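Inside the fold
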Amino acid sequence: MKSLFRALLALVLLMLARCAGSDEKPAAAGLDDPAKKEIAMRLVSSAENSSLDWKAQYKYIEDIGDGRGYTAGIIGFCSGTGDMLAVVERYTKARPGNALAPFLPALRAVRGTESHEGLGRPFTDAWARAAFSDPALRAAQEAERDRAYFTPSVRQAERDGLGALGQFIYFDAYVMHGSGDTKGSVGFRTLREKALRTAKPPARGGDEKAYLNAFLDARVEAIRQEPSHTDTSRIETAQRVFVREGRLGLEPPLRWKVYGDSYRIDAE
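Residues numbered from 1 in each chain as written. Predicted model: local features only at pLDDT ≥ 70, side-chain atom pairs only at ≥ 80, totals over all residues. Heavy atoms only, no water.

1. Considering the side chain of Ser79
As a reminder, the rule being used: Working definition: helices are DSSP H or I runs of at least four residues, strands are E runs of at least two. Numbering for both runs from the N terminus. Two N or O atoms count as a polar contact when they lie within 3.5 Å, although within protein this holds only if one can serve as hydrogen donor and the other as acceptor, and sequence-adjacent residues are included solely when both atoms are side-chain atoms. Only heavy atoms enter the contact rule, under which two residues are in contact if any of them lie within 4.5 Å.
Tracing the chain through its elements places Ser79 in the loop between strand 3 (77-78) and helix 3 (83-94). Among the polar contacts listed, one links the side chain of Ser79 to the backbone nitrogen of Tyr70, at a separation of 2.8 Å. When near neighbours in sequence (up to four residues on either side) are disregarded, Ser79 contacts Arg68, Gly69, Tyr70, Met84, Leu107, Val110, Arg111 and Leu119.

2. Some remarks on the packing of aromatic side chains
Put simply, the rule is: For this analysis, a ring pair means two rings from Phe, Tyr or Trp (six-membered ring only for Trp) whose centres lie within 6.5 Å, classed as stacked if their planes differ by under 30 degrees, edge-to-face if by over 60, and tilted for the remaining angles. Definition used: whenever NZ (Lys) or CZ (Arg) falls within 6 Å of the ring centre and also within 35 degrees of the ring normal, the charge is taken to sit over that ring.
In this structure the tally under the stated criterion is 11 aromatic pairs. Centre to centre, the rings of Tyr170 and Phe215 are 5.0 Å apart; their planes meet at 45 degrees, and the pair counts as tilted. Of this pair, Tyr170 sits in helix 7 (residues 164-177) while Phe215 is found in helix 9 (residues 208-225), placing the two residues 45 residues apart along the sequence. Among the aromatic residues, those joined into a ring-pair cluster are Tyr70, Phe103, Phe123 and Trp127. Positioned above the aromatic ring of Phe150 is the side chain of Lys37, whose terminal nitrogen or guanidinium carbon lies 4.3 Å from the ring centre.

3. Let's talk about the packing of helix 2 (residues 34-49) against helix 7
Selection criterion: Axis angles are defined between N-to-C directions and span 0 to 180 degrees, where every axis is a line fitted to C-alpha atoms and, for a helix, only to the segment in contact. Each angle receives one of four descriptions, namely roughly parallel if under 35 degrees, roughly antiparallel if over 145, roughly perpendicular if within 65 to 115, and oblique otherwise. Each crossing gets its handedness from the near helix: less than a right angle anticlockwise from the far helix is left-handed, clockwise is right-handed.
Interaxial distance between helix 2 and helix 7 falls to 10 Å at its minimum, and their mutual angle equals 40 degrees. Relative to helix 7, the element helix 2 lies oblique. Crossing geometry of helix 2 relative to helix 7 is assigned as right-handed. Contact residues: helix 2 offers Lys36, Ala40, Met41, Leu43, Val44 and Glu48, while helix 7 offers Ala164, Phe168, Phe171, Asp172 and Val175.

Have a look at this one:
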């Protein structure tokens, strides 16, 4: 009888615990959620390509005159910074003998410069054709985006206690500035260090909006100091607007401007 009583008591306690927990709100979705990641990519594309259609950018490639050689693909991989080389190396591993593989020596040679030597029109045409026709190059772009930009930025944002908006703000900073400082550019790590001198992130007991504004202040300062970037609208008329509206979960509807163009993502 005692064993039966203990079993019944345990069952009752378990049911009570479940009922008590039923009022708890589920954790808010972060940028790892596919719907949130889609929003993040559309936001990045509005700033990088003046379009919400980020999937149309796989084949994009041009020299935008920022001293980084060719800029291409879904987040602006550059021949001068080496991430374009990483994409082509990843693509070649998946698809040996592809049309971009012959340009690997040239991509290695121009890394760290704005040179087009050994690349030029044959390379840009080959990139556009391959990105249009071969899903392996599109997959290589997505994989390198995640490895070098999305995953490290989102993981750091999570450690800082930031929600989906803060995770996106970190991701966009990684895309635009890179992780570390380079000649003429302030990287993400320095931006974060500057923000931490002004405000505490939620993980350290700080106010999330105050911390995000401090981080955005550091970004604005960095953009104004870079010779290749002067427009701060991706901060002031986009991300700062979301912070002010309290959309810390990056919840639609979202309305913003970049370079004077208006965009919106409505709630489904």
